[in-house]
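Structural overview for review
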Amino acid sequence: MLREEIALQARSLRRSFGEIVALDSVDLSVPVGALYGLLGPDGAGKTTLLRILATLGNLDAGVAEVNGSNVTDFEREQRAAIGYMPQQFSLYPDLTVAENLRLFAALRGVSKTQRAQRQQLLLDMVGMTKFSERLAGNLSGGMKQKLMLISMLMHDPDLLILDEPTTGVDPLSRHEFWELLAQLHEVGKTILVATPYMEEAANCDEIAFIAAGKITKTGTPDQIVSDIPGFSYEIRAEDLFEVQYHLDSLEQVVTTAMTENALRVLVNAGTRTELAQELSGFKISDITQVPTDLETAFIYLAQQAKAATVDNDRHFQEVTK
Amino acid sequence: MITRIAVIAGKEFRQMFRDMRLLGIVLLMPIIQLLLFAYTISFDVQNVPLWVVDNDRSVSSRDYIASLTASGTFQLAGISDSFNDGDSALEFGQARVAVLIPSGFGAEIARGNPGQVGILVDGSEPNSARVSRAAVIAMSANYSLELTKGWAVANGIDLSGQGMLAAQVRTWYNPELKSSDFLIPGLMVVILMIVTVQQTAVSLVRERELNTSDQLALTPLRSVELIIGKLLPGLLLAFVNLGVIVGLGVGVFGVPMRGDPLALIAGATLFIISCLGIGFLISAVVPSVEVASIAALLVAFLPAFLLSDFAFPLDQIPFVLEWFSRVFPGRYMVTISRDVFLKGAGFEQVWRELGALCIFAVVVTGLAAMRYSRRAR
């Protein structure tokens, strides 16, 4: 692949805060035009990685590049290519929606006529035209996120970096938000979005799974799921919690996860019959083999990462004894 | 660059006028401070309560008492004929000074002998004690001189040929030695410093707390542009404050404006920029808005109050502190303010202080910009 076709790249990236290693030799490469998901549990290092790629964070070692330029000697003017939406609301609560939009666009040198045009267009796009004179601090959570999104788009950057844009937002607004991202993806924007939600990650072309500062898996959502070893079953029973408790104690069980009305279990060995035998003491109504889903994959990958860190710690303790 | 500064200044103005209560406080605070300080801090000694123990009850003793209370320095709090009353008047705070006139005072004077009086001074408040003591001694000496003259005339002796030292003392710049004339030009500086440092100390740190600093960092805006953009509204507000304080000082307290107002304005501009710069520097290093407020109070109030020469002469303090006072802009501005108001100074007289403030303003603002851009990453 040509170098120019990579929008964002990290090579052996390392960053620690005191004794806490936030990023541990991270490699990541986001192609131009991709809708790329950064999936991982809380505290995995997602925000640290995104801030570095948005040219806002320091790094200890390794290389981070945006459009082929190293972030450490990034020119201020080049930053116009980037739109970054942090996890927390980061606009002025005491300015109105329109004032916020105009302010950041004006600082980026967007002309007055263009500002007015884009403001109208973007407010229409997110259905917020009638809120343009409201103070940003008085918006609802979902609207704040939409305002941040369109504020990031006022200067029409090619590259969008979003840090958990839908965390704490109601499901309807989340859905709308992802439709907006899909529209932006369609017109060719490169999007890197961090999320702790599996179903959101499933919308991406490609996902990187990050846990404990390491990217442990990359690929399309399908690839990631199909690479998970073992078999998944869905169990329906009267006393699901007891079943889960029992299963968690078994060696062949990798993970269990409760869904709305069933228990999903990933086992690394054994057939459906063997599983049924193991659960003969419970009132089981149904056991079906199902394809492994992203949520199970997430839990599996998170557990693997955790186990690796524990092993590392043990190794470290033994070495330093 | 100009556009970006204007955008930031516009934003700051908008935010400033959006919160009218805050704006009201910022504009009212200096007025309240000036009135409070000016009326509470005074080194003038007037209406000191005086207790008189008059055991003589003669024409001479009444004459003497009248000479003490005529000037307004002392106010008669009570008169009695028991020495114990004089003691207790001081003890219970009814009087600050007690004069004891023994019986036979008038008769001694009439015989041409020196009359003896006792004077008790409450020294718990040294400044007024010192002034009261000096005043009562001077007034007594004056009265004694009058007596001598009267006695000489009565006995047909001409004293005009006697060699007496007559020192002709003239006090310049503040002939009545009014402490308000001396204090208010300095007070303006102190108040201005408190208000301005506070104003900007929270400014940058608030951008960080709102996470807006990240969004600003992603624009081509330079930190020096951000700081200048934030400085302009602060400068304007400080000038409004200065205008009000000068108006009150000249209009209400009758402080004379003898020098070149332009020199004062030039000094004030540089001084305000220096103070706003100190605020920015605080803002760039502290972790939170709360810490910024406390730090601003510490950095602005104490040195402005104690190390600015505003009330406590700098040549009276230890060498190290005197040297330390040079790193605060207050002392330069107090000199400019006092020299312009009272001594009638212009640019020629205060160029050194103006130069010091100019250097201060550039260095501190530059440091703040540097600190902030390093912290921003």
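Residues numbered from 1 in each chain as written. Chains lettered and ligands numbered in written order. Predicted model: local features only at pLDDT ≥ 70, side-chain atom pairs only at ≥ 80, totals over all residues. Heavy atoms only, no water.

Examining unusual backbone geometry
In the Ramachandran plot, Ser 25 of chain A falls in the positive-phi region, its phi being about 35° despite a non-glycine side chain. Mapped onto the fold, Ser 25 of chain A is located in strand S2 (residues 20-31). Even without being a glycine, Arg 57 of chain B presents a positive backbone phi close to 50°. The residue Arg 57 of chain B is located in the loop between strand S1 (48-54) and helix H3 (59-69) in this model. Given a relative accessible area of 46%, Arg 57 of chain B falls into the partly exposed group. (Helix = DSSP H or I, 4+ residues; strand = E, 2+ residues; numbered from the N terminus. Buried < 20%, exposed > 50% of the residue type's maximum accessible area, 1.4 Å probe, protein only.)

A few points about the packing of aromatic side chains
What characterises a pair of aromatic rings is the spacing of the ring centres plus the angle enclosed by the ring planes. The full count for this structure, using the stated rule, is 6 aromatic pairs over all chains. Put simply, the rings of Tyr 64, Phe 105 and Tyr 143 of chain B pair up and form one aromatic cluster. Positioned above the aromatic ring of Phe 89 of chain A, the side-chain terminus of Lys 144 of chain A is 5.3 Å from the ring centre. Geometry around Tyr 197 of chain A places Arg 174 of chain A over its ring, the cationic atom sitting 3.8 Å from the centre. (Phe/Tyr/Trp six-rings, centres within 6.5 Å; stacked < 30°, edge-to-face > 60°. Lys NZ or Arg CZ within 6 Å of the ring centre and 35° of its normal.)

Some thoughts on the nonpolar core
Core analysis: the largest hydrophobic core is formed by 133 residues, its most contacted members being Met 128, Leu 147, Leu 149, Leu 162 and Leu 181 of chain A together with Phe 310 of chain B. With residues up to four places along the chain from it excluded, the contact list for Leu 147 of chain A reads Phe 89, Leu 91, Val 97, Leu 101, Met 128, Ala 136 and Leu 139 of chain A. In terms of nonpolar packing, the next biggest core, distinct from the first, is built from 34 residues, Leu 8, Leu 13 and Leu 23 of chain A together with Ala 217 of chain B among them. (Core = buried A, V, L, I, M, F, W, Y, C linked by side-chain atoms within 4.5 Å. Contact = heavy atoms within 4.5 Å.)

What to know about the pattern of salt bridges
Taken as a whole and assessed by the stated rule, the structure comprises 29 salt bridges over all chains. Of the charged contacts, one joins Asp 19 of chain B and Arg 21 of chain B as a salt bridge, the two residues approaching to 3.9 Å between their closest N and O atoms. Judged by relative accessible area, Asp 19 of chain B falls into the partly exposed class, the value being 30%. On the basis of relative accessibility, which here comes to 69%, the residue Arg 21 of chain B falls in the exposed class. Within the structure, one salt-bridge network assembled from shared partners comprises Glu 234, Arg 236, Arg 264, Asp 286 and Asp 293 of chain A. (Salt bridge = Lys/Arg side-chain N within 4 Å of Asp/Glu carboxyl O.)

Considerations on the pairing of strand S4 (residues 61-66) of chain A
Residue and element names in this part refer to chain A. Bridge analysis of strand S1 (residues 6-17) against S4 gives 5 bridges, and the strand direction is antiparallel. Paired with Gln 9 across the bridge in S4 is Glu 65. Two elements, S4 and strand S5 (residues 69-70), share 2 bridges in a ladder whose sense is antiparallel. Residue Val 66 lies in a different strand from S5, and its bridge partner there is Ser 69. Hairpin remark: S4 followed by S5, antiparallel, with 2 residues in the connecting loop; positive phi at Asn 67, about 50°. (Pairing = 2+ DSSP bridges.)

Topic: the sheet that holds S1 of chain A
Residue and element names in this part refer to chain A. If you trace the 4 strands from one edge of the open sheet to the other, you get S2-S1-S4-S5, paired in antiparallel fashion. Across the chains shown, the open sheet's two edge strands, defined by having one partner strand only, are S2 and S5. Looking at chain direction, S1 and S2 are connected through 8 bridges and run antiparallel. Across the sheet, Leu 8 pairs through a bridge with Val 30, a residue of S2.

Observations concerning the confidence of the model for chain B
Residue and element names in this part refer to chain B. Residue-level pLDDT values for chain B average 83, and 93% of them are 70 or greater. At the level of individual helices and strands, chain B shows its lowest average pLDDT in helix H6 (residues 126-154), which scores 78, and its highest in helix H11 (residues 261-285), which scores 91. For this predicted complex, the interface confidence comes out at an ipTM of 0.81, alongside a pTM of 0.75. (pLDDT = per-residue confidence, 0-100.)

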